[in-house]
Amino acid sequence: MEKKQFQAESKRLLDLMINSIYSQKEVFLRELISNASDAIDKVYYKTLTDDSLAFNREDYYIKVAADKENNTLTIYDTGIGMTQEELEENLGTIARSGSLAFKKENEMEEDFDIIGQFGVGFYAAFMVADKLTVLSKAFGSDQAYKWESEGAEGYTIQPAEKSEVGTEITLTLKEDTEEEKYSQFAEEFRLKEIIKKYSDFIRYPIKMDVTKSKPKEDNEEEYVDYVEEETINSMVPIWRKNKSELTDEDYENFYQEKHYGFDKPLKHIHTSVDGTIRYHAILYIPATMPFDYYSKEYEKGLELYSNGVLIMNKCAELLPDYFSFVKGMVDSEDLSLNISREMLQHDRQLKMIEKNITRKIKTELQNMLKNDRDKYEEFYNVFGRQLKYGVYSDFGQHKDVLQDLLMFYSSKEEKLVSLDEYVSRMPEDQKYIYYATGESNERIAKLPQTEIVADKGYEILYFTEDVDEFAIRMLMNYKEKEFKNVSSGDLGLESEEEKKEAEKEATDHKELFEKMKEILSDKVKEVKASKRLRSHPVCFSTEGEVSIEMEKVMQQMPDGQGVKADKVLEINTNHDVFNALKAANENDEEKLKLYTNLLYNQAMLIEGLPIGDPVEFTNDICKVMI
C-alpha cells in the first residue's frame with residue numbers, strides 16, 4: 001500500500017500547529033467534536049434541499065469512547081461521511097476547509113452556518129496522538145475508506161468495511177512523559193470535563209458510556225458497577241432560549257455553573273442581536289470585586305462561542321477596560337476564524353459586537369441608577385472607582401460614555417448623587433460645580449475652605465478617592481458647568497464690593513504679609529488676606545493646575561516626588577489670631593516668626609500633609625504656652 005506525502009507547506013503547518021498554535025492540548029477534542037457536528041449539519045442541510053430525504057433527529061449523534069487498555073480514544077459521528085477523494089482532499093491538505101467548500105457549492109443561506117475547518121481542527125489531534133485512523137462512509141455511497149497517518153511523514157488510504165454512514169476517528173494516544181500525561185484523555189471523568197467545558201452547547205447529543213454504581217440486589221450495603229450510555233452535553237444553550245422561559249434563578253445557576261464568580265450577581269443582561277452582525281450574549285454585573293481585580297493577574301474578557309463552540313475563555317477585545325468587571329459570554333455565527341479557533345481575527349464584526357455590548361452595559365447601568373437606586377449604589381460602592389479610572393485613562397477618550405454613571409457624596413443630600421442631579425439643583429447664580437477633597441467625608445466637612453461655599457447655600461461634592469480629582473480634571477465640565485475646587489484661588493463668589501475690600505486689605509497689610517512670606521521662603525507662593533474663611537484662622541488655597549490633593553497622590557508615586565502645588569497661605573483678618581500677628585509685627589520679630597510657622601503647620605495639618613519638622617512644631621507650641 002503506497003504511502004502518500006503531505007504537501008510541503010502542509011508539513012510545515014502541521015509542525016507549527018502541534019507546537020505553537022494551541023495553548024492547551026485538550027482543545028483537540030473540541031475540534032474533533034465540532035467537525036462531527038458539522039458533518040451532521042451537512043446531512044441536515046441536504047434534507048432541507050431534497051424532498052426525498054428525511055431528517056430524523058434521533059438518528060444523529062456523536063459518541064466519544066475511550067479504551068484505557070489499548071490507550072486509544074475514538075470519536076464517532078452519524079454525519080455525512082467522506083468519499084476517498086474527500087478524505088484525500090480534506091485530510092491531505094492542512095487548512096483546507098471541506099465545510100467552507102460545502103457552503104459555497106450549496107449557496108447556503110446566511111442563517112445556517114457551518115463553522116468547521118476540518119483540515120485544521122483534525123490535525124490538532126496529533127498534539128496528543130502518535131497515530132490517527134479515520135474510517136468513513138459517505139452519504140449515498142456503498143464503499144467505506146480508511147485513512148491512516150502517524151504524522152508529518154505521510155498517510156495511506158484504502159477501502160474498508162463500515163456498515164453505517166458517518167465517520168469514526170481513532171487516536172492512538174502518546175505515551176505519558178514527565179511533562180505530559182496523555183493517558184488523561186482516556187479517563188472518563190476528564191473527557192466529560194472537557195466536553196462540558198468546550199462543547200456543552202453543540203446541538204446534537206454527545207454520548208459516552210459512563211460507569212455508575214448501584215446497590216446489589218441481595219445486599220444493599222454492597223455496590224456493583226455498571227455501564228450506562230449518557231448524553232454529556234446540554235445541547236440547548238441558555239442564551240438561545242426566550243427570556244420569557246427563563247427565571248432569575250436560571251441566570252444565577254448559569255453564573256455559578258460557569259464559575260463567573262462565587263457571589264450572587266447584582267444584575268444579568270440577556271441580549272440577542274439580529275442585524276448586520278448576529279450574536280447572543282448573557283452578561284453579569286457582579287456584586288463583589290474579584291480578589292485580584294487590581295492586580296496584574298486579573299484577566300478581563302467574556303467567553304466567546306461560535307455557534308455554541310467555545311473559542312476563547314477570556315476574549316478581552318469584547319470589553320473596554322472600564323467595564324472589565326463584567327462577566328459573561330457571547331455566541332456569534334458571524335465571526336471570522338482563521339487558522340484555528342484560538343487565533344481569532346480582530347475583525348470588523350468583533351469590534352461591532354464590542355461597541356454594541358458597551359452601549360448595552362451603559363444603558364442597563366443607567367436604568368439601574370434611575371429605577372433601582374439602592375442596587376446601583378451597591379454596584380457603585382464596589383466598582384465606581386473603575387468608572388473613574390475609565391474617565392481619566394486614554395486622555396479622557398471615554399468620558400462621554402461614563403460621566404452620567406459617576407456619583408459623589410453630597411454636602412447637602414448627605415448621600416451619593418449623580419452629576420445630573422447636582423446640576424439640576426444648582427441655583428441660577430451658581431457658576432461652578434464645587435467640590436472638596438480629603439481622606440473622608442467627615443474630614444472634608446470640617447475643612448475651612450468649604451465655609452464660604454456652604455454659606456452661599458451651594459452644594460459641595462466630596463472627593464475621597466485618589467482618582468476623583470484626576471478624573472474630574474479630565475472631564476473639565478458637565479453640562480457646560482465647570483468644576484471648581486473649594487481650595488482654588490478664585491471661587492467666583494466675590495461681589496465687586498468684596499473685591500475692592502480685598503484690594504484695600506492687601507494694601508493695608510502688605511508689609512505684614514511680605515514678612516510672613518519671607519519667613520516661609522519657598523514653602524508658599526504667597527501670604528494674603530482670606531475672603532473664604534469665616535470661623536477658622538488659616539487655610540491653604542492653590543494656584544495653577546496641581547491641587548494639594550493631587551500633590552499628595554503624586555508624592556506617593558516613584559516618579560512624582562518633585563510635584564508640588566502652588567500653595568497660598570490665607571489668613572482670616574477677622575479672627576483674633578490676626579490681632580496677635582499684627583501685634584507681633586509691631587513689637588517682636590521672633591514672635592512673628594513663631595506665629596507664622598505655627599499657622600503654616602496648622603494649615604499643613606488641616607490638609608493632612610506631613611509637617612517638615614514635628615519636633616520644631618511641638619517646641620513652637622510649648623513656646624506659646626509659656
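Everything below is about the structure printed above this text.
Residues numbered from 1 in each chain as written. Predicted model: local features only at pLDDT ≥ 70, side-chain atom pairs only at ≥ 80, totals over all residues. Heavy atoms only, no water.

Novice: How would you sum up the overall build of the chain? Please name residues and give values.
Specialist: What the chain contains, in helices and strands, is 20 helices and 22 strands. The C-alpha radius of gyration computed for the chain amounts to 36 Å, which surpasses the reference 25 Å derived for 626 residues by more than 25%, pointing to a less compact arrangement than a globule. For the chain, the spread of C-alpha atoms along the principal axes amounts to about 120 × 65 × 50 Å. Across the 626 residues that make up the chain, the buried fraction comes to 50%. Considering only contacts in the chain between residues 6 or more positions apart, those separated by 24 or more positions represent 69%. If you sum the accessible surface of the chain, you get close to 31,500 Å²; carbon and sulfur atoms cover 45% of it. (Helix = DSSP H or I, 4+ residues; strand = E, 2+ residues; numbered from the N terminus. Rg over C-alpha atoms; globule rule 2.2 N^0.38 Å. Buried < 20%, exposed > 50% of the residue type's maximum accessible area, 1.4 Å probe, protein only. Contact = heavy atoms within 4.5 Å. Areas by Shrake-Rupley, 256 points an atom, 1.4 Å probe, with all protein chains shown as cover.)

Novice: Please give an account of the sheet that holds strand E16 (residues 433-437) that cites residues and values.
Specialist: Read across the open sheet, the six strands follow the order E15-E14-E17-E16-E19-E18; overall the sheet is mixed. The strands lining the two open edges of the sheet, one partner per strand, are strand E15 (416-418) and strand E18 (477-478). Contacts between helix H14 (residues 468-475) and the sheet are confined to strand E14 (407-410), E16, strand E17 (460-463), E18 and strand E19 (481-485), with E16 contributing the most and set at about 155° to the helix. (Pairing = 2+ DSSP bridges. Axes fitted to C-alpha atoms, helices over the stretch in contact; angles between N-to-C directions.)

Novice: Let's hear about empty space enclosed by the protein: which residues, and what values?
Specialist: Applying the stated rule across the entire model yields five cavities of 30 Å³ or more. Within this model, the largest cavity holds a volume of roughly 70 Å³. Class assignment for the residues of the lining of the largest cavity results in three nonpolar, three polar and four charged. (1 Å grid on protein atoms, 1.4 Å probe; cavity = no way out; pocket = protein on both sides within 12 Å on 5 of 7 lines; lining within 4 Å. Points joined across faces, edges and corners; volume = space filled by probe spheres on them. Nonpolar A, V, L, I, M, F, W, Y, C, P; charged D, E, K, R; others polar.)

Novice: Could you give me a rundown of the layout of surface pockets, with the residues and numbers involved?
Specialist: Each pocket or cavity is described by its volume, and for the largest pocket that value is around 640 Å³. Taken together, 23 residues form the lining of the largest pocket, with His-259, Tyr-260, Gly-261, Lys-314 and Lys-327 sitting closest to its centre. Counting residues per element, the ones that place at least two in the lining of the largest pocket are strand E11 (302-306), strand E12 (309-315) and strand E13 (327-332). By residue class, the composition of the lining of the largest pocket is nine nonpolar, six polar and eight charged.

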